[in-house]
Amino acid sequence: MHYMSSSHENVIYSPDDQAKMAEMKELIIDAFDETSSLYEIYKKRGWLVRIFTDRILLMDKDATYSTQQAADIIEVPEYNVRNKRKDFMEYLNPLVLESGSKVTYKFNYISVFKMKMIDGLTGEGGDYTLPQLKQLLYNHNRFTPAEKTAVPPGDQFFEALAKIEVIIKDEIEAVRSELYGFVNRKIESLALPDIKALQDANDASERLYKKLKTISDEIISTATSIEEKESFLAKLAELKVDYPEQLPIIDLYQKSLTDSIRLAKEEVKSRDIQQTRSKVLDLFHTAIDGNKSLEERERAQNLIREVISSKPEYREFETLFTQAMISIRDVRQEKREEEIRGIKNRALELYELATDPAKSKGERDNFLKQLQDLSEKNPELSFDVRHYIAAAQLTNKKRSKFLGIF
């Protein structure tokens, strides 16, 4: 039997549980992918792991859950579920059971998952307030196919920025609504409407909107660099001075544009890492290519080392560097072993020439001299080479003594 250890709760699941979790994940993806604005936020930001928890995936597709059971699955207090149910009744669409004066709410797996997404975006440290999330759910549908901006095929970077542009444009419309809402509230607050004051307020709102839109267009444009985007964002501080009565609107705008710059930075970083990964892989293949010269392979290895040392995020390539280093080390070792074999073979050849009786004494002395030079040039092999030198000297000495008798 095979088991899987949960990364969330350190629980070991049986194959049946694993199959159940996989089925629930498919059901959720089919229900929410490209149809839910909340799901797309998690997907775009790489946060799906936050909502695909073990407790979520272990839900029963045919079951309904009480408020307490839903809270246990979402891992929040029960009152949290009750409050979210009141605020998002239409979106969550729970089953309502009435018995006399008592009302009971039941949630299926779709409702529980929706509540999980809401909690992650509005809970402690969340990116959205409840009013903002309500506006997103009930007034907008940012991710319909008709709103997707056409981008060059395969260019994930510009596709991501195009999605950001759609989001920011929606924020612009939301802010514009807030601006005109501000004017309407101003009108309602006047006991005796002052036409000039109303006109001034309307003109100020329109001027602010145009300035905010100009800044937004520059920030979401794919033609501006990250540094240029940040410089435009800094101009919002000037608007806060010029339009103090509309600080909440400017703050809302600032938050949205700050998020767009952060996402653009993440996309640029991701693209740079991908390009660097491709470059390092090419260098790695060169470093381990037996058809390349040792010099080419060492140069590729050194370039990989330079990439790794340039930025902390490139540490992931250290394994490739180590493999390349081992491959080149093995080549060096093989090359050195081949050189040693050549030296030993040359030493044997010189020994045989230095002791060849067919050679003259001068020739034998010359070969012996070459044998001695070979020993000096390769001190690590001096023991082996000197063995031949000593043997040659002894052989020649015996031959001279023998010839001296005659």
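For the structure itself, look to the data block above.
First, a word on what this report is: a plain description of the structure on this page. Sequence order as written defines the numbering, with residues in each chain counted from 1. This being a predicted model, a pLDDT of at least 70 is required before a residue's local features are given, and a value of 80 or more before pairs of side-chain atoms are given or counted; all residues contribute to the totals for chains, interfaces and linings. The basis for every side-chain value is the complete set of non-hydrogen atoms in the structure, without hydrogens or water.

What follows is about the pattern of salt bridges. Take a side-chain nitrogen of Lys or Arg and a carboxyl oxygen of Asp or Glu: if they are within 4 Å of each other, that pair is a salt bridge. Tallying each qualifying case throughout the model produces 16 salt bridges. In this structure, the salt-bridge partner of Glu 23 is Lys 61, at a minimum N-O distance of 2.9 Å. Of the two residues, Glu 23 sits in helix α1 (residues 15–32) while Lys 61 sits in the loop between α4 (54–57) and α5 (67–74), which places them 38 residues apart along the sequence. Per-residue accessibility, obtained with a 1.4 Å probe over protein chains only, is compared with the maximum for each type, and a residue is labelled buried under 20%, exposed over 50%, and partly exposed between these values. Glu 23 sits in the partly exposed class, given a relative accessible area of 38%. Overall, the relative accessible area of 39% leaves Lys 61 in the partly exposed class. A salt bridge links Lys 361 to Asp 365, with the shortest nitrogen-to-oxygen separation between them at 3.0 Å. Strands are runs of DSSP state E lasting at least 2 residues, helices are runs of H or I lasting at least 4, and numbering of each runs from the N terminus.

This paragraph deals with the pairing of strand β4 (residues 102–106). Pairs of strands are assigned from DSSP output, requiring at least two bridges between the strands. As paired elements, strand β3 (residues 95–99) and β4 share five bridges and run antiparallel to each other. Residue pairing in the sheet places Leu 97 in a bridge with Thr 104 of β4.

Right, let's talk about the packing of aromatic side chains for a bit. To pair, rings of Phe, Tyr and Trp, with the six-membered ring standing in for Trp, must have centres within 6.5 Å; the planes then decide the type, stacked if under 30 degrees apart, edge-to-face if over 60, and tilted in the middle. As enumerated under the stated definition, the model contains seven aromatic pairs in all. Where Tyr 351 meets Tyr 388, the ring centres are 5.6 Å apart and the plane angle is 45°; that geometry is what we call tilted. Linking Tyr 351 in helix α16 (residues 318–354) with Tyr 388 in helix α18 (residues 382–405), this pair joins segments that are 37 residues apart in sequence. Following the ring pairs from residue to residue traces out a cluster consisting of Phe 32, Tyr 39, Phe 52 and Phe 113. Lysine and arginine charges are scored as sitting over a ring when NZ or CZ, respectively, is within 6 Å of the ring centre and within 35 degrees of the ring normal. Taking the ring centre of Tyr 91 as reference, the NZ or CZ of Lys 114 above it sits at 4.6 Å.

This brings us to the environment of Ile 308. Here Ile 308 shows up in helix α15 (residues 294–310). Judged by relative accessible area, Ile 308 falls into the buried class, the value being 7%. Between the C-alpha atoms of Ile 308 and Glu 318, which are 10 residues apart in sequence, the distance is 6.8 Å.

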